[in-house]
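For reference, the chains in residue letters:
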Number of protein chains: 2
Amino acid sequence: MKERKITRQIRVGSVPVGGGAPVVIQSMNNTKTADVEATLAQLNALSSAGCQIGRLAVPDAEAAEALAKIVPRSPLPLVADIHFDYRLALKSVANGVSALRINPGNIGGEAKVKAVIDAARERNVPIRIGINGGSLEKDLLARYGPTAEAIVESALREAAIFEKYGFDQVKISVKSSSVAKTVAAYELLSEKVDYPLHVGVTEAGTLLKGSVKSAIGIGLLLNEGIGDTIRVSLTGDPVNEVIVAKEILKDLGLRKEGVEIVSCPTCGRTKVDLEKMVAAVETALGNMKADRPITVAVMGCEVNGPGEAKEADYGIANGRGQGLLFRRGEVIGKYKEEEIVAALLREIRRDQKEKQ
Amino acid sequence: MKERKITRQIRVGSVPVGGGAPVVIQSMNNTKTADVEATLAQLNALSSAGCQIGRLAVPDAEAAEALAKIVPRSPLPLVADIHFDYRLALKSVANGVSALRINPGNIGGEAKVKAVIDAARERNVPIRIGINGGSLEKDLLARYGPTAEAIVESALREAAIFEKYGFDQVKISVKSSSVAKTVAAYELLSEKVDYPLHVGVTEAGTLLKGSVKSAIGIGLLLNEGIGDTIRVSLTGDPVNEVIVAKEILKDLGLRKEGVEIVSCPTCGRTKVDLEKMVAAVETALGNMKADRPITVAVMGCEVNGPGEAKEADYGIANGRGQGLLFRRGEVIGKYKEEEIVAALLREIRRDQKEKQ
């Protein structure tokens, strides 16, 4: 993995983004923002899952008004997502959001962009320039076609407006629904600017395919050292976006926390119901706040089972209807299939408790 | 993306692996191999999903015997996965498998490895050297610890035995359950040998997390030009492994076929039940064999909807309770929410039919 590129740092509420801060996970509600209670319930769910910045669509005056009630009760700093009407941005800032996301190209001309900048500056609110391959300016499309170059040119054009008015509390995203185009756009942009970058593949699709697409696109960029905050974009419940984002950061070694479960794919050699066993372990430990990252291996047979179980902090290596339980490299017992998960969990919980 | 490294080519049955052939998708049954009907049913499901090479565990004589009945009826060339007992490898070759996967380190010494090589050579059967971080030799663990270097050293040691006996129909895998270690091991190995490489992250975990982990690990390697055949390793139904593998290849532009669905994540701006709409489109088109790759955008609102719908081969850009239908960049109609998916599918199917 390449060293992370050090960008300028901005703050979204209390959360630093860029400048060497840990990569921040964000997501976006799919509730109606005007529905205050539903929106807060989803923000709480996102926060519990590990989300650090929330984003809300503000498509109309009702949504902008609702922010006055949402912001004070929100567990997360909030970004207001605005298109077409700059007054919604002004209202959102007045109602206390921690950041704006606008696409200056569709906000109605430079005078209106300047009004938004003035309001943001006064309240110390950063702005994301959110360029999206699906909404490029016509002249850029005519000149470049729907390419990474067009996306980056659009971002630079918008950034120039902010620079003209001396506003540098900016982060940028240049998303496309194509992995190759997304990666190319961020690589190009990263060479040209040192603003912090919000990275994601847009409109990635449904849970499984969208997670794979996001993991590849975001993973390739983070591995190149590009990206200060990430958003996984999945059709459906945004809590899944946070689960996938956390997994991406963990897999790349950019975040070390909680419990990592190593489990084999099962095969004709497996002589226990491993899938059930892994699900039980995942359910019990998935949200455990361990004092330090721990690895738990749940393995189906004698081929790789003992090796993985020994290497992990805790491990089960199953055989026919029973398995060996490992703790920090040592076998500490042999248990029947139906008892071994409980024994594993007892050990882990006792160790955690002893340390508290 | 870097150019693909050109390795030597081997053949698993009729499927070329390496030497510039398209990256091959493989998976592994989790049925009992001795259960001939269940094993064949799963092989058929894997084949329908797009799997190109199947693998079966052969843990005992009963499984090895069953191969005589499975091989002639299998829709896929089969790899027999053998550990500990070299006679199972001999029997599997005699029963017609297209390849073997062994870990020579646990097969019982060089004389037995040679017996397997002789049998494989006679039947023109290639062998995968499958090294796994969970089952490394003790002397290597003592010297290197559980590192990428130890994994690669183990692979080279095994390859040397094959080379000593003049057998070069070999592919190699060097898997770990850690993404970083997996990537490091394949990078190192790829510099040292030109055998085709079977790439995967082992014991990646359950469906969602395991898919993300596999997508990152396999994605990073393929993006570096490393990898001739891939296996996604997920606890559970192996058909999901194939779905994820196809998605990885598609996202990296290594495979262009079928239907790609672009869909937005939904937000407070969405005024239709987009998740339901996308699910209906995915169900209807997921397995469609289009004559060429087609893109279908299903978008929730007026921000990026028209742009993505226009850029795709077919698209829906929804507004409040109704949407515009696009075909090859042109609006061809406006439909109510409950009618628009049917209209989209009619267009696609008519176009496909006209071409046949």
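Let me sum up the structure you'll find in this document. (Residues numbered from 1 in each chain as written. Chains lettered and ligands numbered in written order. Predicted model: local features only at pLDDT ≥ 70, side-chain atom pairs only at ≥ 80, totals over all residues. Heavy atoms only, no water.)

## Notes on the interface of chain B and chain A
- With 71 residues of chain B in contact, the opposing surface of chain A contributes 71 residues.
- In total, about 5900 Å² of surface goes out of reach between chain B and chain A, with carbon and sulfur atoms giving 56% of it.
- Here E311 of chain B ties to K181 of chain A by a salt bridge, and the two come within 3.1 Å at their closest N and O atoms.
- Summed over the shared surface of chain B and chain A, the number is 26 residue pairs in polar contact (both at pLDDT 80 or more).
- Elements with a minimum of two residues in the side of chain B that touches chain A: β5 (78-82), α7 (179-192), α8 (207-223), α9 (239-251), β11 (259-263), α10 (274-285) and α11 (305-311) of chain B.
- Tallying contributions element by element places α8 of chain B first for the side of chain B that touches chain A, with eleven residues.
- Of the residues in the side of chain B that touches chain A, the class split is 28 nonpolar, 25 polar and 18 charged. (Contact = heavy atoms within 4.5 Å. Buried area = accessible area lost by both parts, 1.4 Å probe. Salt bridge = Lys/Arg side-chain N within 4 Å of Asp/Glu carboxyl O. Polar contact = N/O pair within 3.5 Å; in protein donor to acceptor, adjacent residues only side chain to side chain. Helix = DSSP H or I, 4+ residues; strand = E, 2+ residues; numbered from the N terminus. Nonpolar A, V, L, I, M, F, W, Y, C, P; charged D, E, K, R; others polar.)

## Focus on the relation of the copies chain B and chain A
- When chain B is fitted to chain A, the residual RMSD is 0.1 Å, and the transformation amounts to a turn of 180° plus an axial shift of 0.0 Å. On the angle and the small slide along the axis, the relation comes out as a two-fold axis. (Least-squares fit on C-alpha atoms with pLDDT ≥ 70 in both.)

## Looking at the sheet that holds strand β13 (residues 314-318) of chain B
Residues and elements named next belong to chain B.
- Read across the sheet, five strands follow the order β11-β12-β13-β14-β15 without closing on themselves; strand pairing throughout is mixed. Looking along the sheet, the strands with just one partner apiece sit at the ends: β11 and β15 (330-336). Along the sheet, successive strands turn relative to each other by an average axial angle of 20°, direction set aside.
- When β11 meets strand β12 (residues 294-299), the two strands line up parallel, connected through five bridges. Of the residues in β12, the one forming a bridge with V262 is A297.
- Contacts between α10 and the sheet are confined to β11, β12 and β13, with β12 contributing the most and set at about 160° to the helix. (Pairing = 2+ DSSP bridges. Axes fitted to C-alpha atoms, helices over the stretch in contact; angles between N-to-C directions.)

## Comments concerning unusual backbone geometry
- For F84 of chain A, which is not glycine, the phi torsion reads 75° and is therefore positive.
- Along the chain, F84 of chain A turns up in the loop between β5 (78-82) and α3 (86-94).
- A residue is classified by how much of its surface remains accessible, and F84 of chain A, at 44% relative accessible area, is partly exposed.
- Here the phi dihedral of N124 of chain B falls at roughly 60°; this positive angle occurs in a residue that is not glycine.
- By the secondary structure assignment, N124 of chain B is in the loop between α4 (110-123) and β7 (127-132).
- Given the relative accessible area of 62%, N124 of chain B is considered exposed. (Buried < 20%, exposed > 50% of the residue type's maximum accessible area, 1.4 Å probe, protein only.)

## Description of the packing of aromatic side chains
Residue and element names in this part refer to chain A.
- Applying the stated criterion across every chain yields a total of two aromatic pairs over all chains.
- Ring geometry for F162 against F167: centres 6.0 Å apart, planes inclined by 40°, an arrangement best described as tilted. Considered together, F162 and F167 belong to a single accessibility category, that of buried residues. (Phe/Tyr/Trp six-rings, centres within 6.5 Å; stacked < 30°, edge-to-face > 60°.)

## A look at the pattern of salt bridges
- By the definition in use, this model includes 42 salt bridges over all chains.
- Between D118 of chain A and K114 of chain A there is a salt bridge, with the nearest N and O atoms lying 2.9 Å from each other. One end of the pair is D118 of chain A and the other is K114 of chain A, both in helix α4 (residues 110-123) and four residues apart, which spans about a single turn.
- Overlapping salt bridges, with partners in common, bring together R55, D81 and R101 of chain A together with R269 of chain B in one network.

## Brief notes about the sheet that holds strand β6 (residues 99-102) of chain A
Residues and elements named next belong to chain A.
- In spatial order, the strands read β8-β7-β6-β5-β4-β3-β10-β9; together these eight strands make up an open sheet with parallel pairing. Each end of this open sheet is capped by a strand with a single partner; those strands are β8 (170-175) and β9 (198-199).
- In this sheet, β5 lies alongside strand β4 (residues 53-57) in parallel orientation, the contact comprising four bridges. Counted as the bridge partner of L56 is A80 from β5.
- Here helix α6 (residues 148-164) sits on the sheet and contacts β6, β7 (127-132) and β8; the angle it forms with β7, its principal contact strand, is near 155°.

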